[in-house]
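Breakdown of the fold
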Amino acid sequence: MKLLVYLGFLVLGILSLRGLRWAYVTFVILGLLYFPASVGFQLNPQPCELVPNMALAVYSLGNYQHIVLFVLFFLMTSAQFRMSHWSGYAWAAVACIAMGILVEVAEGISGTHHCRLRDLIPDAAGVVIGAGIVFLWNRMRGRSQVA
């Protein structure tokens with residue numbers, strides 16, 4: 001069953017990369033519902049770890065899964081915006097960080113994973129890498145006019 005769920009997310013992700021807004025919105029909604037659904041909506045709220053120290057903040061950069069997922073999510077999100085101006089990058093970044101916050105809240109509410117503020121650090125790193133990829137892609141295609 002999990003294979004079908006992951007396959008569904010893959011299809012929605014590919015369609016989102018092609019700029020289909022309905023696929024992107026569906027991906028976001030189902031992505032947020034994934035955590036409570038994984039526990040049969042038997043919610044077990046856990047407290048969030050809000051204040052990381054510097055050592056944990058640096059350690060969180062080793063969370064490659066979050067980095068890769070948010071690179072991909074930034075690419076999907078950037079397909080929903082005009083990326084020929086800096087505001088497209090900013091809106092895509094804000095949407096990605098908002099999604100990171102919502103994912104942490106969903107993890108905390110469902111009780112399946114740990115709700116940690118420090119997980120936003122690798123999310124932000126993924127956003128920066130994703131923005132670099134989009135910028136270079138647009139530059140190679142001659143469409144970049146970021147000012």
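Look up a bit, the structure's there.
A short tour of the structure in this document, coming up. These numbers were taken from a predicted model, which means no experiment stands behind them.

1. A few points about the nonpolar core
Core analysis: the largest hydrophobic core is formed by 23 residues, its most contacted members being F27, F73, F74, C96 and V134. Put simply, the parts of the chain that give this core at least two residues each are helix 1 (2-17), helix 2 (21-38), helix 4 (64-78), helix 5 (86-110) and helix 6 (120-140). By residue number, the principal contributor to this core is helix 4, which donates seven residues. Once residues within four sequence positions are removed from consideration, V134 is found in contact with F74, L75, S78, M83 and Y89.

2. Concerning the pattern of salt bridges
Inspection of the entire model under this criterion finds one salt bridge. Here E49 and R116 are joined by a salt bridge, their closest N and O atoms 3.7 Å apart. One end of the pair, E49, is in the loop between helix 2 and helix 3 (54-59); the other, R116, is in the loop between helix 5 and helix 6, and 67 residues separate them in sequence.

3. A short note on a nonpolar patch on the surface
Residues M1, L4, L7, L10, V11 and I14 make up a contiguous nonpolar surface patch of roughly 650 Å² in combined accessible area. Checked against the element boundaries, V11 lands in helix 1. According to the relative accessible area criterion, V11 is partly exposed, its value standing at 43%.

The rules behind the values
- Residues numbered from 1 in each chain as written.
- Predicted model: local features only at pLDDT ≥ 70, side-chain atom pairs only at ≥ 80, totals over all residues.
- Heavy atoms only, no water.
- Core = buried A, V, L, I, M, F, W, Y, C linked by side-chain atoms within 4.5 Å.
- Buried < 20%, exposed > 50% of the residue type's maximum accessible area, 1.4 Å probe, protein only.
- Helix = DSSP H or I, 4+ residues; strand = E, 2+ residues; numbered from the N terminus.
- Contact = heavy atoms within 4.5 Å.
- Salt bridge = Lys/Arg side-chain N within 4 Å of Asp/Glu carboxyl O.
- Patch = residues over 30% accessible without salt bridge, like charges linked within 9 Å, V, L, I, M, F, W, Y side chains within 5 Å.
- Areas by Shrake-Rupley, 256 points an atom, 1.4 Å probe, with all protein chains shown as cover.

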